[in-house]
Amino acid sequence: MKTVLITGANNGIGLETTKELLKNDYNVIAISKHINNLEEIKNSNLKFFPVNLTNPNEINDFFDKIIKEKQIDILINNAGRGIFKKSEDFSIEEWNSIISLNLTAPFYLTKLLLPEMKENKFGRIINIGSDADHIPEENASVYCASKYGLLGLTEAQRLELKKYNIQITTISPGRVDTCFNNKKKGDRPTALYDSDIARMILFILSQPDRCLIEQIKLSSIYE
């Protein structure tokens, strides 16, 4: 049974993916800043921990206490946030908060897991990007910078890792009907559902080793 580490697992895409992984007999280690929704899931194959991914010390403490006891086969970098306004209105603190969660955290988690994945000659890494990783948008410059950066990081790492049977994929969805950007579920009725992204993740994980899916661009036909 493969073990998955997923970030941002308490809501939206992360929560729905966690549920789907458990239904498909994966062990899941779910981390998120808040864990109230994860506490409601009753499944012996789920472990969850509160971790602030913008704090490298918390990530290190988590790895020291938990990950060294468990082999991680699959990493899903899902956690993310966005602030949307004109570039000149951003503070450096807001810039750092978005870049640290959307770009630095996936880099650091991948870095920590790679030695074991290389030793095992197996690894799957899925980064949840956005259509903002290839379509610029007004008043979204910082968010776009983080997602363009994540896509570039992923593309370059793929070249480094494929020789070790470590595959890395980006899913780049358009709008998704979640609580992202202070919305409520149901506010975007024509958008993608979080379950659509979860199914894409399961599809990627179901492929044989010879099949490398580099990027999936996903949008709603209704938008």
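Given the structure is predicted, the values throughout are model-derived calculations rather than measurements. (Residues numbered from 1 in each chain as written. Predicted model: local features only at pLDDT ≥ 70, side-chain atom pairs only at ≥ 80, totals over all residues. Heavy atoms only, no water.)

A. A look at the packing of helix α1 (residues 12-23) against helix α5 (residues 194-205). With their axes 8 Å apart at the nearest point, α1 and α5 run at an angle of 50° to one another. In terms of axis orientation, α1 runs oblique to α5. Taken as a pair, α1 and α5 cross one another with a handedness that is right-handed. Touching G12, I13, E16, T17, E20 and L21 of α1 are D194, S195, I197, A198, I201, L202 and L205, all from α5. Across the contact of α1 with α5, the residue classes tally to seven nonpolar, three polar and three charged. (Axes fitted to C-alpha atoms, helices over the stretch in contact; angles between N-to-C directions. Helix = DSSP H or I, 4+ residues; strand = E, 2+ residues; numbered from the N terminus. Parallel < 35°, antiparallel > 145°, perpendicular 65-115°, else oblique. Left-handed = near helix turned anticlockwise from the far one by under 90°. Contact = heavy atoms within 4.5 Å. Nonpolar A, V, L, I, M, F, W, Y, C, P; charged D, E, K, R; others polar.)

B. Spotlight on the packing of aromatic side chains. The full count for this structure, using the stated rule, is three aromatic pairs. A ring pair is formed by F62 and F63, whose centres lie 5.7 Å apart and whose planes are at 90°; its orientation type is edge-to-face. There is no split in this pair, since F62 and F63 are both buried. In this arrangement the basic side chain of K2 is found over the ring face of F122, its NZ or CZ atom lying 4.1 Å from the centre. (Phe/Tyr/Trp six-rings, centres within 6.5 Å; stacked < 30°, edge-to-face > 60°. Buried < 20%, exposed > 50% of the residue type's maximum accessible area, 1.4 Å probe, protein only. Lys NZ or Arg CZ within 6 Å of the ring centre and 35° of its normal.)

C. Looking closely at the pattern of salt bridges. With the rule as written, the count across this model stands at seven salt bridges. A salt bridge links E94 to K85; the nearest nitrogen and oxygen atoms lie 3.0 Å apart. R175 is paired through a salt bridge with E223; the nearest N and O atoms lie 2.4 Å apart. Of the two residues, R175 is situated in the loop between β6 (166-173) and α5 and E223 in the segment after β7 (215-218); the sequence distance between them amounts to 48 residues. On the accessibility criterion, R175 (43% relative accessible area) is partly exposed. (Salt bridge = Lys/Arg side-chain N within 4 Å of Asp/Glu carboxyl O.)

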